[in-house]
Amino acid sequence: MNFKSFINCCVLALGIFCGAVAIYKGIHEVAVKDRYVSVKGLSEREVKADRVTWPLTFSIVSNDVSSVWGDLDRKQASVLAFLKKNGIPENEIYVAAPRLEDRQAESWNSNAAFRYQVSVTITVVTANVDKVLELRTRQGELMREGINMSNNDWSVNFEFTGLNELKPSMVEEATRNARAVAQKFAADAQCELGSIRQASQGQFSIEPLNDNTPYIKKVRVVTTVDYFLE
């Protein structure tokens, strides 16, 4: 074998070797890509509402339309005085336009004992949640003045507005919890946990903790993370 033939053989052998290595790496990468585990991580917080919308609705009935308006003015003034006296500033109180109903004008209600009914809603929107919780227990003071409040618990809206401040730490905790689950899985499968293949963050949810404490909220997020297994 002359020198030229020897060189050609070496080049051919090197080419075959490089091709084999490339094929092996390709097969290995395909196999690795298919070896992963998908896990979920949860983070929850219990927080107190920092904003409340509290509508106070009352009605007045009479057969004399002129007396209805006089009674309305008196009772509305009493409700406003009650709120302001107990620490609700004027700029957090909103008075809606009164609604007059001629009940005898409706065929289904033509036998109503009182012809006219006026309803008005005074709404408190404030960050002073504790004050509203206190005043809701004292509505009897208004009722003793003849103001018949027609409030329902479901009409009071408690909100939590500080979600953006919680997001970074909650996402970090959810991701950390997901990795702990993945590590346990890898250990049980006698594998090594590799890098993240892909990750997705679920939507944050804010719900009342329970029906009895709507002002306590549960903030929740779930992240889904895929890890390679080696």
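Described below are features of the structure shown in this document. (Residues numbered from 1 in each chain as written. Predicted model: local features only at pLDDT ≥ 70, side-chain atom pairs only at ≥ 80, totals over all residues. Heavy atoms only, no water.)

**Digging into the nonpolar core**
For step 1, the next point in the chain: Ranked by internal contacts, the top residues of the largest apolar core, which has 28 residues, are W54, F58, V79, L83, I122, V124 and F158.
For step 2, the next point in the chain: Of all the elements in the fold, those that place two or more residues in this core are β2 (51-62), α2 (65-85), β5 (116-126) and α3 (129-136).
For step 3, the next point in the chain: Here this core gets six residues from one element, more than from any other, and that element is α2.
For step 4, the next point in the chain: Those residues in contact with F158 that lie beyond four places of it in its chain are A49, R51, V52, V129, L133, R136, P214, Y215 and K217.
For step 5, the next point in the chain: Counting residues in hydrophobic clusters, the runner-up holds ten residues, among them C191, V225, Y227 and L229. (Core = buried A, V, L, I, M, F, W, Y, C linked by side-chain atoms within 4.5 Å. Buried < 20%, exposed > 50% of the residue type's maximum accessible area, 1.4 Å probe, protein only. Helix = DSSP H or I, 4+ residues; strand = E, 2+ residues; numbered from the N terminus. Contact = heavy atoms within 4.5 Å.)

**Points about the side chain of N86**
For step 1, the next point in the chain: Its location among the elements puts N86 in the loop between α2 and β3 (93-95).
For step 2, the next point in the chain: A relative accessible area of 11% means that N86 is categorised as buried.
For step 3, the next point in the chain: Polar contacts involving the side chain of N86 include one to the main-chain carbonyl oxygen of F82, which spans 2.7 Å.
For step 4, the next point in the chain: Beyond its immediate chain neighbours, meaning those up to four positions away, N86 contacts K131, L135 and R138. (Polar contact = N/O pair within 3.5 Å; in protein donor to acceptor, adjacent residues only side chain to side chain.)

**Describing unusual backbone geometry**
For step 1, the next point in the chain: Not every positive phi belongs to a glycine, and Q190 is a case in point at roughly 55 degrees.
For step 2, the next point in the chain: Here Q190 lies in the loop between α5 (163-188) and β7 (193-201).
For step 3, the next point in the chain: Assessed through its relative accessible area of 76%, Q190 is described here as exposed.

**Structural notes on the pattern of salt bridges**
For step 1, the next point in the chain: As enumerated under the stated definition, the model contains twelve salt bridges in all.
For step 2, the next point in the chain: Where E172 meets R176, a salt bridge forms, and the shortest distance between an N and an O atom there is 3.8 Å. Residue E172 and its partner R176 are located together in helix α5, separated by four residues, close to a single helical turn.
For step 3, the next point in the chain: Assessed through its relative accessible area of 52%, E172 is described here as exposed. (Salt bridge = Lys/Arg side-chain N within 4 Å of Asp/Glu carboxyl O.)

**Quick look at the packing of aromatic side chains**
For step 1, the next point in the chain: One pass over the structure, following the stated rule, counts one aromatic pair.
For step 2, the next point in the chain: Judged by centre distance (6.0 Å) and plane angle (65 degrees), the rings of F158 and Y215 are edge-to-face. On the criterion of sequence distance, the pair formed by F158 in strand β6 (residues 157-159) and Y215 in the loop between β8 (205-208) and β9 (216-229) is long-range, its members being 57 residues apart.
For step 3, the next point in the chain: The buried category is assigned to F158, whose relative accessible area is 5%.
For step 4, the next point in the chain: Classification of Y215 by relative accessible area gives partly exposed; the value is 24%.
For step 5, the next point in the chain: Above the face of the Y36 ring, R197 is positioned so that its terminal group lies 3.9 Å from the ring centre. (Phe/Tyr/Trp six-rings, centres within 6.5 Å; stacked < 30°, edge-to-face > 60°. Lys NZ or Arg CZ within 6 Å of the ring centre and 35° of its normal.)

**Here's the deal with α2**
For step 1, the next point in the chain: For α2, with 21 residues, the first-to-last C-alpha span of 31 Å sits near the 30 Å given by 1.5 Å per residue.
For step 2, the next point in the chain: Listed as buried for α2 are V68, L72, K75, Q76, S78, V79, L80, F82 and L83.
For step 3, the next point in the chain: The secondary structure elements touched by the buried residues of α2 are β2, β3, β5, α3 and α4 (140-143).
For step 4, the next point in the chain: Just downstream of α2, G87 is the residue with a positive phi angle, here 100 degrees. (Expected span 1.5 Å × (residues − 1).)

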